[in-house]
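Observations on the model geometry
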Amino acid sequence: MQDQLLTQLGSLLVNGSLTDDAVLAATDEHPVLPILPNANVVKIGGQSLIDRGRAAVFPLLDELVANLPDHQMIIGTGAGTRARHAYSVGLDLGMPTGVLSILGTFVSMQNARMLHYLLAKHGIPFIEPVQFAQLPFYLEERRGVVFFGMPPYIYWQPNPAVGRIPPNRTDTGVYLVSEVFGARSMIYVKDEDGLYTADPKKDANATFIPRITVDELEALNLEDVVVEHNVLEFMKNARHSRSIQIINGLKPGNLTRALNGEHVGTIITA
Amino acid sequence: MNANSNPEPSTDQRHHVRSLLMRESLLDKQVMSSTETPVVRMLPDCHVVKVGGRSILDGGRETTYPLVEALGAALATHKLIIGTGGGVRSRHVFSIGIDLGLPVGVLAQLAIADALGNAHMLGTLLAPYGVVAIPPEIFGHLLPLFVQAAPGVIFNGDPPFSLWEHPAGMGRIPTHRSDAGAYLLAECFGCATVTLVKDVDGLYDRDPKQFPDAQFIDEITVDDLRERNLPTLPFDRALLDLISHARLVTRVQIINGLAPDRLERALRGEHVGTIIRKDAAS
């Protein structure tokens, strides 16, 4: 390759080391383009919402559909209690993290398919990672798509520091979609009002935290946090998605208000 | 561990399938510690060899043919899973993509094509030995079958992170490239060894191509390497975090593919380059 065909950055990358801070710093000269700046990424919890069945899911989907004219939505699904079952059996059988990741993918895919059938009459498709190239078209035409929340790492899922449960699960996979597309918002729909100082299902003294930064949250060193640790980790490095909101999807109106940019749950910022 | 599938009464207003992790938050630190259990090795007799893009394949026949011969000889006695890097073309597409304002996930997606191209070239050269490049869509699931049927397989070393690549602390180059991808595959499948084939003898305290007086480091632990905070490394920096979380593959060796006789020695467990260890015990 002739060097005169290379830009300055091209020459730096082709000839330099990709582990060199000076080379890496040069790759951040231009801001990152927001690819889908009008889309909202909405994650619907597995254990918290979908496992509750129609009582929780039907009202939430009605509200979601009512918002489609005003808000484009990329809808990711959690896994839930069947993933916990699969992880439990898998751990006992000695499955590596990469295989557990595949098992989690299957459960979040089941949930995505079920939501997809419920939303099918509105023309909303379910897309797998290989179909993400069609996502902009579906958003433009139908205002929404459903995808499974697990990142498609399968056998390549990195090990966690402790234990064997995949560290990048559906919160993280959905978050990374919001970051890579430069989405307008990242909303986690769960069954609690947001973040508490402890698991409010187990600890009656847990207190609600309406707004917090990632640094403040890490300083608290809580035993249990409402979103996966890697989401917080990645938020610190994010170019676009530096604020997420966790809302209670069991309370009607919360999703609408969150889509409208209102503060109805816990907002975590980097 | 109870895997009984009776539905659990909903004491917390949620519906559970009975399991150890039922009703537990997978974000709870104590719950996570309870999941530290022994793990099986799927392919304990296979060796993962990552062949550098820029360091070997981009050099054309001069650097690649002798290594192909060494790989061919090693295939007679070792099952090989060979990953390839993207090399110069990945770096070029990074530079154009960054100039166009594209995010790290898009760059990671684009880079897979370059490593795959290199996998196909290496596959063409190793075809006489019965080794070909396998498309990434089927590679992982069918790997145990392929290695039973053939002396080895080739894949694009990049992990399938693609759009889901993690945002980097500094810059916009995907952090999980082919060294990380080859390692992650070996760790999941519990392979015997991981060898990264480059165009230097191993790790130095500075880039030996720029500084002839650079000191060679023949082995080092991840913690010591982090502490030394070297200006450049001959492999993906993400590898350090990955090795520090190893359960099965607790060391990686970097060897010089320009001295191809070292390959088979590395596969036999000899120390012929730089060994990066998870800790002093590994």
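Scope of this entry: the structure provided in the associated data block. (Residues numbered from 1 in each chain as written. Chains lettered and ligands numbered in written order. Predicted model: local features only at pLDDT ≥ 70, side-chain atom pairs only at ≥ 80, totals over all residues.)

1. Quick notes on the sheet that holds strand E1 (residues 39-44) of chain A
Residues and elements named next belong to chain A. As summarised here, the arrangement of the 7 strands in space is E3-E2-E1-E4-E8-E9-E7, forming an open sheet in which the pairing is mixed. Two strands bound the open sheet, and with one partner strand each, they are strand E3 (144-148) and strand E7 (211-213). In this sheet, adjacent strand axes meet at a mean angle of 20° when their direction is disregarded. In this sheet, strand E9 (residues 266-269) lies alongside strand E8 (residues 243-248) in antiparallel orientation, the contact comprising 4 bridges. (Pairing = 2+ DSSP bridges. Helix = DSSP H or I, 4+ residues; strand = E, 2+ residues; numbered from the N terminus. Axes fitted to C-alpha atoms, helices over the stretch in contact; angles between N-to-C directions.)

2. A word on the environment of B:Val40
On the secondary structure map, B:Val40 appears in the loop between helix H1 (29-33) and strand E3 (46-51). Residues B:Val40 and B:Phe189 lie 149 residues apart in sequence; the distance between their C-alpha atoms is 8.4 Å. Excluding anything up to four places from it in sequence, B:Val40 contacts A:Gly94 and B:Gly190. (Contact = placed C-beta atoms within 7 Å.)

3. Details of unusual backbone geometry
In most cases, non-glycine residues show a negative phi, while peptide bonds are predominantly trans. Of note in the backbone geometry, A:Ile154 takes a positive phi value of approximately 40° without being a glycine. With respect to the secondary-structure elements, A:Ile154 resides in the loop between E3 and helix H7 (170-180). In this model, B:Asn229 sits at a positive phi of 45°, which is unusual for a non-glycine residue. Its location among the elements puts B:Asn229 in the loop between helix H7 (222-228) and helix H8 (238-244). Taking the C-beta count within 10 Å as the criterion, B:Asn229 has 6 such neighbours and is therefore assigned exposed. (Buried ≥ 20, exposed ≤ 12 C-beta atoms within 10 Å, placed from the backbone.)

4. Concerning the packing of helix H3 (residues 87-99) of chain B against helix H4 (residues 104-126) of chain B
Residue and element names in this part refer to chain B. The N-to-C vectors of H3 and H4 enclose an angle of 155°; their axes lie 8 Å apart at closest approach. With respect to each other, H3 and H4 are oriented roughly antiparallel. The two elements H3 and H4 cross, and the hand of that crossing is right-handed. Of the residues in H4, those in contact with Gly87, Arg89, Ser90, Val93, Phe94 and Gly97 of H3 are Val106, Leu107, Leu110, Ala111, Asp114 and Asn118. Across the contact of H3 with H4, the residue classes tally to 6 nonpolar, 4 polar and 2 charged. (Parallel < 35°, antiparallel > 145°, perpendicular 65-115°, else oblique. Left-handed = near helix turned anticlockwise from the far one by under 90°. Nonpolar A, V, L, I, M, F, W, Y, C, P; charged D, E, K, R; others polar.)

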